[in-house]
Amino acid sequence: MMTISYEYEGGLYVNLTNRCDCNCVFCLRHNGHTGSIYADDLWLEHEPSRQEALDNLLSRDLPSYRELVFCGFGEPMFRTDDILWLVDQLKAKVPKLPPVRINTNGHANLILGRDVTPGLQGRIDKLSVSLNAPDPERYLTVTHPRAGVQAWHAMLDFVLKAKEYVPTVVLTIVDKDLSPQDMDRCRQIARDLGVTLRIREYIPN
Ligand code: SF4
C-alpha cells in the first residue's frame, strides 16, 4: 500500500516524492513515522510516475474538493516539471478543477539549478513556503539544508520571484519556540518580500 493522494479538511493532498534536501528537526519522516496525522503509508515504495499520479487523481471526484495540494512526505518541487504536467492534464480533462497549491520549502530553484517560477504562471494558484525561522542561523539549526546557508537565501529569492507568477504566496511558520520578537522579525521578512505571513499553531504528533 502507498498513498499518492489523500483527503484532509476538504482538500485533496498529493504525495509525489519522499526526497528532500532538508532534514528538519520536526520532520515526520524521522522517528519511524510512516505517515502523519493526515494519512498512513506516506513512504512511497516507488515514486509514482506522472501517469500513475494522473490516473490516481482522475479516479477522484476532483471538483468536490476545496483545493488540490501538492505537498508530501518530502519536498514536492523536486518534481516541479511533473507537477506542472499534471496540472495541465487535469485542467484539460477536468472542468471546474479546484485551486492548486504547492506546499514547499522554497528550494526548487536551488535544487533544480534553474528558475522554475515562470512555469508556475496560470497553473499554480497558491504557494505556501515554509519560513521555519526568523534568521539564517536558526534556519540552519531547524532545517539542516544540504546547501547550508545558501538555502535560506534561495528560499527568500524564490518567494520574491514566485510572487510575480503566482496569485497568492504565503510564508508559513509554526509558533513553537518563537518569542514575540522572533514573530516580529518574521513579519518584517514577509513585509519586505511583499507576501503574507501565516503563523500556524504547533500540532504535536
Ligand atoms: S522540508 Fe519538509 S519534508 Fe523536508 S525535511 Fe523539512 S519537514 Fe521534512
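Residues numbered from 1 in each chain as written. Predicted model: local features only at pLDDT ≥ 70, side-chain atom pairs only at ≥ 80, totals over all residues. Heavy atoms only, no water.

### A closer look at the side chain of Asn109
Relative to the elements of secondary structure, Asn109 occurs in helix H3 (residues 108–112). For Asn109, the contacting residues outside a window of four places in its chain are Arg114, Asp115, Val116, Thr117, Phe158 and Lys161. (Helix = DSSP H or I, 4+ residues; strand = E, 2+ residues; numbered from the N terminus. Contact = heavy atoms within 4.5 Å.)

### A word on the pattern of salt bridges
The full count for this structure, using the stated rule, is 14 salt bridges. Glu47 serves as the salt-bridge partner of Arg79, at 3.7 Å between the closest nitrogen and oxygen. On the criterion of sequence distance, the pair formed by Arg79 in the loop between strand S3 (67–70) and helix H2 (80–93) and Glu47 in the loop between strand S2 (11–14) and helix H1 (50–58) is long-range, its members being 32 residues apart. Arg79 sits in the buried class, given a relative accessible area of 6%. A residue is classified by how much of its surface remains accessible, and Glu47, at 30% relative accessible area, is partly exposed. One salt bridge in this structure joins Arg101 and Glu67, with 2.8 Å as the shortest N-O distance. (Salt bridge = Lys/Arg side-chain N within 4 Å of Asp/Glu carboxyl O. Buried < 20%, exposed > 50% of the residue type's maximum accessible area, 1.4 Å probe, protein only.)

### Focus on H2
A rise of 1.5 Å per residue sets the reference length of H2, with its 14 residues, at 20 Å; its end C-alpha atoms lie 20 Å apart and thus fit the reference within 8%. Of the residues making up H2, those classed as buried are Thr80, Asp82, Ile83, Leu84, Leu86, Val87 and Leu90. (Expected span 1.5 Å × (residues − 1).)

### Some words on the sheet that holds strand S5 (residues 126–130)
Taking strand neighbours across the sheet as the criterion, the 7 strands line up as S1-S2-S3-S4-S5-S6-S7 in an open arrangement whose pairing is mixed. Each edge of the open sheet carries a strand with a single partner, namely strand S1 (5–8) and strand S7 (196–200). Shown here is a sheet whose adjacent strand axes are inclined to one another by a mean of 25 degrees, direction ignored. In terms of strand pairing, strand S6 (residues 168–174) meets S7 through 5 bridges, oriented parallel. Bridging across to S7, Leu171 finds its partner in Leu197. Sheet strands in contact with H2 are S3 and strand S4 (100–104), and its direction is about 160 degrees off that of S3. (Pairing = 2+ DSSP bridges. Axes fitted to C-alpha atoms, helices over the stretch in contact; angles between N-to-C directions.)

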